[in-house]
Amino acid sequence: MLLSAALAIPPAHAETAPDKSVETVVVTATRTPTPISRVGASVTVIDGPAITRAQSIPVIDLLRDVPGIGFARTGGVGSLTTVRVRGAESDQTVLLIDGVKLNDPSTPGGGFNFANLVVGNLNRIEVLRGPQSVLYGSQAIGGVVQIITQSGDVPFAASATLEGGDLKSRRIMGSVRGQVGDLSYQLAAGQFDTDGVSSAASGTERDGYRNQLAQTRLTYALTDRVEMEGRVYWSKSKVGIDGFPAPAFVLADTAEQTETDELIVYAGTNLSMLDGRSRTRIGLSETRTDRTNLNPSLRVPTTFDGSSTNRRIELQSSLDVTPQFQLVGGAEMERGRLRTASPSVTNPNPVPLRASNDLSALYLQGQASPTSWLTATLGVRWSDHDSFGEAWNTRATLAASLNGGDTIVRLAVADGFKAPTPFQLFSNFGNSRLQPEEARSAEIGLEQAWFDRRLVGSITYFKRDTTNQIDFVSCFGNAAAICVGRPSGTYDNIAKTQADGTEVTLEARPNRHLNLSAGFATLDARNKVAATAAFNKQLPRRAKQTGFATLGYVFDFGLDVSATYSHVGDSFNNATNTVVIGGYDLITVRASQKINAHWTLFGRVENARDEIYQTVTGYGSPRRQTWVGLRATF
C-alpha cells in the first residue's frame, strides 16, 4: 500500500558496483515470478527499502512520481483521491492488495478511492502500465497497481514507528512477523491523525482526517506441497469534506464528514506439484466498503449511506512445460453488489437502490524463451457478463535482452475492457443496454545500461484508443430517444478518447555514496467525440508534462539524505478546456540517521517551498509540513 526502486528514492546500501546477477523479479506482469528483463510490458517496482526511505504516509505519495501516473485530490490527505494511468479514467485502473482486486461498486464508475491507502506493513508496490485485461479482467485499461504486504518468511522480526508533524499530525505504526513451526504469520496495526487543511481552497475551517489500519497474513504448510493461506485487511477512516451550501451554492466550508470502513478477507490453498514445476492457487475473497456522509448541521444529518461488496472465486495454475516455455491460466467468478441511499429533508428514509451483477472469465497465457535473450508472451481472455454478454481480450509482448543484458527492447500490444457498473446499469439513471468500454494499445520501449550498470536509462512510447466509453447524458431539454422516461438523464456508450505519450527515466550510481534518479513523461490525451464542444480537447486533469528528480547521498557514519523535485504541468479542469489548473513544483527533503542497529531517527520537509497549488479547481492542498520520527526494528 515499485520503476526500479532507486528511481524514486536512492538506495541506502553501499555497493562497489551494481550486481548484474541480482535481478528484480516481478509478479504482476505475468502472474508468476518473472525476471524484469524478460517482461515486455512497462513495469515499475518500489521495493521495501525505498518505501522506508521515502517516509511517506499516503500511498499516493509513493505513486505520484512513477512515470505515467497522475492523480487528483479534493483537498488534503484523506480527501477523495483518484489515480490515472497514462491518462485513462480513474475507474479504468485496477488496484490489487496481495492479488485481491479492489473496487467500489457503490460509486457510479466503480473506481477505487486511493485516499485511505496509507503505508503500512508493505513489502513492495508494482505498477504495470497499459491494458492488462487478459490477466486482470474488467477495468484494467490504464494499468494495474499491486500492493504486496510483508510475509512471515523470517524467524522473527518486529518494527515500530512513531512520528509527528505540523497540523497536529501524528502517526504510530507497529508490526510483528515470523515463523512458529509450519505457521508463518504477519500482524500490523497503526493510526494516523491530522487536523488537515480546508478542502475548499477559499475556506478557513480545517478538515481533519483519521485513519486506523490493521492487517494480518497467516500461512500454514500442511505438507511440503500444500499450504493454506488467510489474509485480512481492515481500514476505518473519517475525513472532513466541504460542499456547496445554500444560498450561494459555491464551494465553501461545511461541517460534513465522510466515514469509510474497508474490509478485505481472503482464504486460499496453494499446491505445488511435479517437483515445483506446477503451481496452483484456489482462493476465495470478499471486499466490502461501507461509506457514510454526515452533516450534523442539517435536520437529516445523513446525506449518503452506501455499501458495496465484491465476492470472488479464483483458480489459477501455472506450469513450466519446459525450462523455456511456461503456461499460466485460470478461471474467475465475481459478483458485485451495491446498496445506496441519499436521505434528505424531504425524503429522510428513501428506498435504497439495490443492484448486483455477475462476471465470469477464463484466461490463458503462454510465455516462451526460445533463446537466452528473447522472451515472448501471448494471452487470451474470455469474459461473460450477465448484462452485456461475452467479451474477448488478447495481449502479446516481446522482450529482447541484448549486449549481455545492457540493452533491452520491449514491445507490447494489448486490449482492455471495463464492464458497466451496477449503478450505471440499474440506478435511476441506469441503462441496461450498456456495452463494455474497450481500448486498444501499443507500446515500444528501450532500456540501455552503461558503465557496468552504473548508468541506466529508458524511454517508452505508447498509444491507446478507447471506444464505447460510458458517459452521462443530460436529458434536460433533450428530445433524444434515449431520454424518453429519463428526465434526469442516463448513461450511454458515447465517449471516445485517444492518448499517446512518452516515459523517460534515468538512474545514475557513480559510487557507493551518491545516487541520482530522474524521470519525465509527456501525455496527449484527447476527446474524440465528433460534433461536440469538447472534440479534440484535452481530457480534464491530465497534465501534458510531468517529471521528477531525486538526489541522494549516504555517509559512512549512517546519515542518509535525499531531496526530490516533482513537477506537474498545466492541465484543464473541464472538458471544453476553459478552466486551467496551474502547474506546480514540489520539493521534499529527507534525512535519517541510524542511532544503532535497532533505532533510527528520521525527518522530512514536505512541500519545502510552501507551494500553493491545486489538483482540482477550487480545492486546497497541503502547504509546507515538517515531520520528525523514531523507528525501531528488531
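Rules used in this analysis
Starting afresh in each chain, residues are numbered from 1 along the sequence in its written order. Owing to the predicted nature of the model, reporting of local features is limited to residues with pLDDT of at least 70; listing and counting of side-chain atom pairs is limited to 80 or more, with chain, interface and lining totals taken over all residues. Each side-chain value is derived from all of the structure's non-hydrogen atoms; neither hydrogens nor water enter the calculation. Here a strand pair is declared whenever DSSP counts at least two bridges between the two strands. Numbered from the N terminus, helices here are DSSP runs of H or I no shorter than four residues, and strands are runs of E no shorter than two. Lines fitted to the C-alpha atoms define the axes, with helices restricted to the stretch that makes contact. Angles between their N-to-C directions range from 0 to 180 degrees. Take the buried residues of types Ala, Val, Leu, Ile, Met, Phe, Trp, Tyr and Cys, join any two whose side-chain atoms come within 4.5 Å, and each joined set is a nonpolar core. Three labels apply to residues, based on accessible area from a 1.4 Å probe with only protein chains included: buried if under 20% of the type maximum, exposed if over 50%, partly exposed otherwise in between. Note on contacts: a residue pair qualifies if any of its non-hydrogen atoms lie within 4.5 Å across the two residues.

Comments concerning the sheet that holds strand 7 (residues 100–102)
A sheet is described by the order of its strands in space; here five strands give the open sequence 3-8-9-6-7, paired in mixed fashion. With partners counted over all chains shown, the strands left at the sheet margins are strand 3 (42–47) and strand 7, one partner each. Across the sheet, the mean angle separating the axes of adjacent strands is 20° when strand polarity is ignored. Strand direction decides the pairing type here: strand 3 and strand 8 (residues 122–129), joined by six bridges, are antiparallel. Of the residues in strand 8, the one forming a bridge with Val45 is Glu126.

Comments concerning the nonpolar core
In terms of nonpolar packing, the biggest core is built from 43 residues, with Leu63, Leu95, Leu117, Ile125 and Ile147 touching the most fellow members. Among the nonpolar cores identified, the runner-up in size contains 15 residues, and Val26, Val43, Val94 and Val134 belong to it.

Quick look at the pairing of strand 13 (residues 209–221)
Relative to strand 13, strand 12 (residues 183–194) runs antiparallel, the two sharing twelve bridges. Residue Ala188 lies in a different strand from strand 13, and its bridge partner there is Gln215. Here strand 13 runs beside strand 14 (residues 226–240); their pairing, made up of 13 bridges, is antiparallel. What sits directly across from Ala214, in strand 14, is Trp234. The antiparallel hairpin formed by strand 13 and strand 14 contains four residues in its connecting segment.

Some points on the environment of Val589
By the secondary structure assignment, Val589 is in strand 31 (residues 584–594). Along the chain, Val589 and Gly552 lie 37 residues apart, while their C-alpha atoms are 9.9 Å from each other. Once residues lying within four places of it in the same chain are set aside, the contact partners of Val589 are Ser562, Ala563, Gly603, Arg604, Val605 and Ala608.

By themselves, these figures tell us nothing about what the structure is for.
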